[in-house]
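Remarks on the overall topology
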Amino acid sequence: MLAWRQIGKRERAGTMETISTVAGLRARVRQWKQAGDRVGVVPTMGALHEGHLSLVHAARARADRVITTVFVNPIQFDNANDLETYPRTLEADVRLLEDAGVDVLYAPTVSQMYPPGFVTRITVSGVSEGLCGGARAGHFDGVATVVCKLLMQTLADYAFFGEKDFQQVQVVRRMVTDLDLPVEIVACPTQREADGLALSSRNRRLAPRQRQIAVALPRIMRACAADITAGADVPAALAWAVCQLADAGFDPVDYVELRSELDLRPLATISEGTPARLLAAAWLGDVRLIDGMAVPIPE
Ligand code: PAF
């Protein structure tokens, strides 16, 4: 059965269908489900890179049918310039998704997603607050609202998200639990460039000099995480990282924080039983970079 499915997927490579309406998507998904296929969705805003493709590969390994959504979601941007300059590369995205063996590209228009009169917002309190939620008013309401719609539109059994956006994954998990959405959320590891910079669609907006500075973000975070594991005072280690980032040229540094991986509560120490994650966000010019990494707990 598995071999048949694998051959089936290979044969479908290059025959990706692009759908832009909920009715069209539902009809296709209904067919798949009648055939007993499990459906995976990879929600994206396009400008695809290897990080997104790793989510597609994870989806292909888990599900029989894979949908990738490309939708630059206006209601999660708190800044008009960020929305306007967000990279849009649909033609290149289509080629990458076809080669990756995606079955359906779902690319709705803004007016399909948010028809006139649309007013509903989903607020996931607690995990949405602070970190990126503190710096970007309404951002996670916009994310939760569109992800909920995408999950209901695709009726996916599995949805795949990158751990780079660690707070986003927690917001989506909480929403799925609270609203009893019948989908399993799968978080996949952050993909990095050879020099350690986390892959992000925003990286392509960095000027060459900014790209050189950007690598300081994971380097300083790794050093900070290692110091905390070695027993450094947590507030002092976080303050050190903020200063190092500012010295490297990040301006401003939005935050460097140590949080519980379970519920994102701030941690002042690390301890057995509470997996800890270092999270940071900082600006280079008008590009906001974020990163996160697990902080190993000493044996
Ligand atoms: O991570 C993203 O690209 C977006 O926040 C998402 C999950 C596709 C919702 O618009």
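Let us look at the structure shown here. (Residues numbered from 1 in each chain as written. Predicted model: local features only at pLDDT ≥ 70, side-chain atom pairs only at ≥ 80, totals over all residues. Heavy atoms only, no water.)

Looking now at the packing of helix α2 (residues 22-34) against helix α8 (residues 139-154). Relative to each other, α2 and α8 sit at 50 degrees, their axes nearing to 8 Å. Overall, the two elements α2 and α8 adopt an arrangement that is oblique. Only M152, Q153 and T154 of α8 make contact with α2, whose side of the interface consists of V22, L25, R26 and V29. Across the contact of α2 with α8, the residue classes tally to four nonpolar, two polar and one charged. (Axes fitted to C-alpha atoms, helices over the stretch in contact; angles between N-to-C directions. Helix = DSSP H or I, 4+ residues; strand = E, 2+ residues; numbered from the N terminus. Parallel < 35°, antiparallel > 145°, perpendicular 65-115°, else oblique. Contact = heavy atoms within 4.5 Å. Nonpolar A, V, L, I, M, F, W, Y, C, P; charged D, E, K, R; others polar.)

As a further point, take the site of the ligand. Around the ligand, the neighbouring residues are P43, T44, M45, N73, Q76, V146, V147, F161 and Q168. Side-chain polar atom of Q76 to an oxygen atom of the ligand: 2.6 Å apart, as the coordinates give it. Between the ligand and Q168 there is a distance of 2.7 Å, counted from an oxygen atom to a side-chain nitrogen or oxygen. Here the shell around the ligand is built from residues that sort into five nonpolar, four polar and no charged. (Near = heavy atom within 4 Å. Polar contact = N/O pair within 3.5 Å; in protein donor to acceptor, adjacent residues only side chain to side chain.)

Right, let's get into the packing of α8 against helix α9 (residues 166-178). Angle between the axes and distance between the axes are the two parameters that describe a pair of packed helices. Two elements in contact, α8 and α9, have axes whose closest approach is 10 Å; the angle formed by their N-to-C orientations is 55 degrees. As the angle between them shows, α8 and α9 are arranged oblique. You can see that α8 and α9 cross each other, and the crossing is right-handed. Contacts between α8 and α9 involve F140, V143, A144, V147, C148 and L151 on the former and, on the latter, Q167, Q168, V171, V172, M175 and V176. Split into classes, the residues belonging to the contact of α8 with α9 amount to 10 nonpolar, two polar and no charged. (Left-handed = near helix turned anticlockwise from the far one by under 90°.)

For the rest of this paragraph, the subject is the sheet that holds strand β9 (residues 287-295). Strand order in the open sheet made by the three strands is β7-β8-β9, with antiparallel pairing throughout. If you trace the sheet from one side to the other, it starts and ends with β7 (253-260) and β9, each paired once. The mean inter-strand angle of the sheet, taken between neighbouring strand axes irrespective of direction, is 10 degrees. Where β7 and strand β8 (residues 276-284) come together, seven bridges link them in antiparallel fashion. (Pairing = 2+ DSSP bridges.)

Taking 1.5 Å as the rise per residue, helix α3 (residues 50-62) with 13 residues should run 18 Å; its terminal C-alpha atoms sit 18 Å apart, in good agreement. Residues G51, H52, L53, S54, L55, V56 and A59 constitute the buried set of α3. (Expected span 1.5 Å × (residues − 1). Buried < 20%, exposed > 50% of the residue type's maximum accessible area, 1.4 Å probe, protein only.)

Geometric descriptors of this kind do not, in isolation, establish any biological role.
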